[in-house]
Amino acid sequence: MSGQNSDPMVELKRRAAEEAAAMVQDGMAVGLGTGSTAALMIDALGRRWADGLRFVGIPTSERSAEQARALGITLVDFSTHARLDLAIDGADEVERGSLDLIKGLGGALLREKIVAAAARRFVVIVDEGKLVDHLGSRSPVPVEVTPFGWESTARQLGELGARVALRIKRDGELFVTDGGNLILDCAFGPIEDPRALEAAIGDIVGVIESGLFVHRTSEVIVAGRQGLTRLVAA
């Protein structure tokens, strides 16, 4: 941890994570995101838990669940908490103005989207390099698909204009999500109409969910070289 402090951007991301964690109040039900920035937020919540804050969390991945449990945070599921007061997560791209997102490069997009949809407020933490004028400018759109027939699903995604790549881990094995599914990374280039594309992707049989998060974000906390900035949707 101490080695990370030499990187000023990591320290700014930690401050952003702490600011998001400060939104959690006693008695809340909170969605716990996945990824490097979300992990900083869970660490911050762990420190607040140690100081006496009490809330319950629903994690968006097994690794976030493991981290939260190690910090003593009480975890629940949707059988007891169908609605969340707040969800906090990172993102791979944030579109300026709309605050629409691309998420899922960490492979947890389905659970992340379920949690975001169940939250009264969805707060996103990013560094300034994740801000774009149009979604798709830098990142592909991850699409979670069923293993059965993924080749057919990939062909249909290609017909929407994407360059489609099956996600493979560094060891050469298929990337498999916590739900047992595959990820197709779909490079569309700059996306003019994210809502229409999200709907078109969702219409393909074999698609479970896409990493396009349209009109879901309440607020974004941006860590930049000049400090922290808070954005709300235009």
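Residues numbered from 1 in each chain as written. Predicted model: local features only at pLDDT ≥ 70, side-chain atom pairs only at ≥ 80, totals over all residues. Heavy atoms only, no water.

Digging into the overall build of the chain
Each helix and strand counted, the chain has six helices and 15 strands in total. Over its C-alpha atoms the chain spans a radius of gyration of 17 Å, differing by no more than 12% from the 17 Å that the globule rule assigns to 234 residues. The dimensions of the chain, computed from C-alpha atoms along their principal axes, are 55 × 40 × 35 Å. Looking at the chain as a whole, 49% of its 234 residues qualify as buried. (Helix = DSSP H or I, 4+ residues; strand = E, 2+ residues; numbered from the N terminus. Rg over C-alpha atoms; globule rule 2.2 N^0.38 Å. Buried < 20%, exposed > 50% of the residue type's maximum accessible area, 1.4 Å probe, protein only.)

Comments concerning the UniProt feature "active site" (unreviewed entry) in the chain
Feature annotation in UniProt assigns "active site" (unreviewed entry) to the following positions: Glu112. Among the structural elements, Glu112 can be located in helix 4 (residues 109–118). By relative accessible area, which is 5% here, Glu112 ends up buried. Leaving out residues up to four positions away in the same chain, Glu112 has contacts with Thr34, Thr60, Asp89, Lys103, Gly104 and Phe213. (UniProt positions renumbered as here; feature names shortened; annotations may be inferred. Contact = heavy atoms within 4.5 Å.)

Some remarks on the environment of Arg138
You can see Arg138 is positioned in the loop between strand 8 (131–132) and strand 9 (141–145). Separated by 45 residues in the primary sequence, Arg138 and Glu93 have C-alpha atoms spaced 7.8 Å apart. A polar side-chain atom of Arg138 sits 2.2 Å from the main-chain carbonyl oxygen of Gly129. (Polar contact = N/O pair within 3.5 Å; in protein donor to acceptor, adjacent residues only side chain to side chain.)

Digging into the pattern of salt bridges
Summed over the entire model, instances satisfying the criterion amount to 15 salt bridges. As a salt-bridge pair, Glu159 and Arg155 come within 2.8 Å of each other at their nearest N and O atoms. In this pair, Glu159 and Arg155 are both assigned in helix 5 (residues 150–159), four residues apart and thus about one turn of the helix distant. Looking at Glu159, the relative accessible area reads 58%, which means it is exposed. Linking Asp185 and Arg167 is a salt bridge whose minimum nitrogen-to-oxygen distance equals 2.7 Å. Remark: Arg167 occurs in the loop between strand 10 (163–166) and strand 11 (182–187) and Asp185 occurs in strand 11; sequence separation between them is 18 residues. In terms of burial, Asp185 and Arg167 fall into one category: buried. (Salt bridge = Lys/Arg side-chain N within 4 Å of Asp/Glu carboxyl O.)

Focus: the pairing of strand 15 (residues 227–232)
Pairing analysis gives six bridges linking strand 14 (residues 219–224) to strand 15, with the strands arranged antiparallel. Looking at strand 15, one finds that Val220 is bridged to Leu231. (Pairing = 2+ DSSP bridges.)

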